[in-house]
Amino acid sequence: MDITRPGYRRALRRLGAVLGIPATVTALTASVALAAGPGGQPADPDEIWPQEVRAQIASAPCDPAGPSGSDATLAAQLNPQLADKMAGHLNAYRMSCARVVTQAVRDRGLNPRAAAIAMATAIVESGIMNYSEAVDHDSLGLFQQRPSMGWCSPAQCVDPVYATNRFLDAMEREFPGGSWNTTPIGDVAAEVQKPAAQYRYRYGVEARDATVIVDALWSGMGRTAHPYPSGLVVSARSADGRLETFAAGSDGIHHSWQTAVNGGWSDWRFVGGPQDAQLSIASNSDGRLELFALSGNTFDHMWQTTANGEWSGWANFGGGGYRVAAGNNADGRIEVFASNTNGVFHKWQTGPGTWSNWEGLGGPADSRLAMETSPDGRLEVFALSDTTFGHLFQTAPNGGWSAWEAFGGGGQDLAVSHNQDGRLEVFASSPAGVFHKWQTSRTSWSDWEGTGGIGNAELATGRSVDGRVEVFAINSDVAVHTWQSRPNASYSAWETFGTGGTEITAGNNADGRIEVLGTSHAGVYHKWQTGFTTWSDWAWLNDSAGPAVP
């Protein structure tokens, strides 16, 4: 993909002719424009940068519906985070292409790392442009695949889904047994594309930015790869992107849902179930949401009968207990954890709609539970009692569980999230305020560090569309929040977020904006991002207060 090749020089001359620019000027432009990369940094003189002539070559849509408003918004949010070739050059079109590539990887059942490998390749090869005009020999599309080399027909090369899958076919052939998971992103991409030796380094340069783009897209697609928070109120996205919310009252459970994607909310609907229940929600591998409700001596569950559809009646799920959490194995099967006076137990799907028996794991009795997903797909469980904090994790994706590890002292509540680079971050509250602990690598943790905040708080975490973790805390007097100044970075000072209440949780709209739900003895409120850094006022979730949540 060298601009010194005749194909690129012809393209530059064609553009110059259209614009009435003499050939001598276009030649000079080529040499001057390539002298520096983003931010004026020295650039590979043979590389094609997004702001140069290549952006003028004919390109095909990636999404038949064209770029969306969310594509434009996300591009604007991500541009300041990028450091290399694409810095400042993401736009709605390129974002739509990145979205289609990421979705194709997800639909194939692969993980975000596979998407990052594909994205780094598309950045290097085309600047995330789906070129329909062959410039370098007969190379076409996002990955500059050549029909003459057997990659695809010309039409297939500019079909981004087909082209992505052809790239992934080659990746899995070159790295059998999933070995691409443990090989540097740039090395995998280079081995698939097989450029001249002096150009192999380019893919590794773009690996970080590719990961930033994929992480932002992955978190907004379909069923989240990360568990939803548990509590007295829970919210999760249906397969079509609409948020659905359940709140536990003294009379049972109430349900409200968005009537349109990113839109308003239905009236509350009473669905029965256990009174004053602790709730958890997860998505089945086919997109159907499933709700778990635990209260005293009762543990029930209900589920959508079809994706985006109506809900079943309640069915018994086990005996009673104290708290509950649910998440998904790497293969999509739901795994449920519950605590009681004897410790922590779990139950997991053995297949679609079938479950194991309950199995005891020991651990802290009467503990509050939270789950997160490691970058490699392993579930991790955190259990906080008044006196003990324990940590449990799968030893392999879809696999067995470690012994409990001591994770700290006791506390009031906990919440877990993940940084943009995949490292987990854990928050816990006590009378002294809010503390956090984070992975310094994928197998090691920092010490606990105080953040200030309010005492004896209920906690929730959310993630902005650009990957920054936001933390929300509420007690009977006040609600506050703090956020990362940038992805993977330190946190702001706490700011007032509202008045006091009994519970708080956070979810993401389909366009990535965080929606926070707070409860009190008066009912259920919400507050949502109006942009990606601005917030609405608090309001009832819909026109009625909904259930009082103790």
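Residues numbered from 1 in each chain as written. Predicted model: local features only at pLDDT ≥ 70, side-chain atom pairs only at ≥ 80, totals over all residues. Heavy atoms only, no water.

**Student:** Help me understand the overall build of the chain in this model?
**Tutor:** Assigned secondary structure in the chain consists of 10 helices and 29 strands. For the chain, the share of sequence-separated contacts (at least 6 apart) that also reach a separation of at least 24 residues comes to 48%. For the chain, the exposed surface amounts to about 20,700 Å²; the carbon and sulfur share of it is 52%. (Helix = DSSP H or I, 4+ residues; strand = E, 2+ residues; numbered from the N terminus. Contact = heavy atoms within 4.5 Å. Areas by Shrake-Rupley, 256 points an atom, 1.4 Å probe, with all protein chains shown as cover.)

**Student:** Any chance you could explain the layout of surface pockets here in plain terms?
**Tutor:** It is a probe the size of a water molecule, rolled over the atoms, that shows where empty space is left. In this model, the second largest pocket occupies a volume close to 770 Å³. If you go around the second largest pocket, you meet 48 residues; those closest to its centre are P227, Y228, P229, T461 and A506. Broken down by secondary-structure element, the contributors of at least two residues to the lining of the second largest pocket are helix 10 (207–218), strand 9 (323–328), strand 14 (368–373), strand 18 (413–418), strand 22 (458–463) and strand 26 (503–508). Of the residues belonging to the lining of the second largest pocket, the class tally is 23 nonpolar, 17 polar and 8 charged. Here the lining of the second largest pocket spans two domains, and each of domain 1 (69–219) and domain 2 (233–457 + 496–519) adds at least three residues to it. (1 Å grid on protein atoms, 1.4 Å probe; cavity = no way out; pocket = protein on both sides within 12 Å on 5 of 7 lines; lining within 4 Å. Points joined across faces, edges and corners; volume = space filled by probe spheres on them. Nonpolar A, V, L, I, M, F, W, Y, C, P; charged D, E, K, R; others polar. Domains from an automatic or database assignment.)

**Student:** Just checking my understanding: could you explain the side chain of N79 for this structure?
**Tutor:** Mapped onto the elements of the fold, N79 is located in the loop between helix 3 (69–78) and helix 4 (92–107). Taking the relative accessible area as the measure of exposure, N79 reaches 14% and is therefore buried. In this structure the side chain of N79 is engaged in a polar contact, spanning 3.2 Å, whose partner is the backbone nitrogen of H89. In contact with N79, not counting residues within four places along its chain, are M86, A87, G88, H89 and L90. (Buried < 20%, exposed > 50% of the residue type's maximum accessible area, 1.4 Å probe, protein only. Polar contact = N/O pair within 3.5 Å; in protein donor to acceptor, adjacent residues only side chain to side chain.)

**Student:** Looking at this structure, I do not really get helix 8 (residues 185–193). What am I missing?
**Tutor:** Because each turn of an α-helix spans 3.6 residues, side chains separated by three or four positions end up pointing in the same direction. Of all the 9 residues making up helix 8, 7 are buried; the element is thus mostly covered by neighbouring parts of the structure. Residues of helix 8 that are buried include every one of I185, G186, V188, A189, A190, V192 and Q193, and no others. Those residues of helix 8 that are buried are in contact with helix 5 (112–126), helix 7 (160–174), helix 9 (201–205) and helix 10.

**Student:** Quick question: what am I supposed to make of the confidence of the model for the chain here?
**Tutor:** The pLDDT averaged across the chain works out to 87; a share of 89% of its residues lies at or above 70. Under a pLDDT of 50 for its full length, residues 1–42 has, in the predicted model, 57 contacts with residues more than four places off or in other chains. (pLDDT = per-residue confidence, 0-100.)

**Student:** For this particular structure, what's the right way to read the pairing of strand 3 (residues 252–257)?
**Tutor:** Each regular strand carries side chains that alternate between the two faces of the sheet. Burial analysis of strand 3 places 5 of its 6 residues in the buried class, the great majority of the element. As paired elements, strand 2 (residues 243–249) and strand 3 share 6 bridges and run antiparallel to each other. Bridging across to strand 3, F246 finds its partner in H255. The antiparallel pairing of strand 2 with strand 3 creates a hairpin that spans 2 residues between the two strands. In terms of strand pairing, strand 3 meets strand 4 (residues 269–272) through 3 bridges, oriented antiparallel. (Pairing = 2+ DSSP bridges.)

**Student:** Honestly, the sheet that holds strand 3 in this entry has me stumped. Any pointers?
**Tutor:** One key point about sheets: their strands pair by backbone hydrogen bonds, in either a parallel or an antiparallel sense. Sheet architecture is open: 4 strands sit in the order 1-2-3-4, paired in antiparallel fashion. In this open sheet, the two edge strands, each paired with only one partner strand, are strand 1 (233–237) and strand 4. With direction set aside, neighbouring strand axes in the sheet form an average angle of 25 degrees. (Axes fitted to C-alpha atoms, helices over the stretch in contact; angles between N-to-C directions.)

**Student:** Is there a simple way to explain the sheet that holds strand 5 (residues 278–283) in this structure?
**Tutor:** An order of 5-6-7-8 is seen for the 4 strands of this open sheet, with the pairing classed as antiparallel. The outermost strands of the open sheet, each flanked by one partner alone, are strand 5 and strand 8 (315–318). Each strand of the sheet is rotated relative to its neighbour by a mean of 30 degrees, with strand direction disregarded. Of the pairings in the sheet, the one linking strand 7 (residues 298–303) to strand 8 comprises 3 bridges and is antiparallel in character. Within strand 8, the position partnered with H301 by the bridge is A315.

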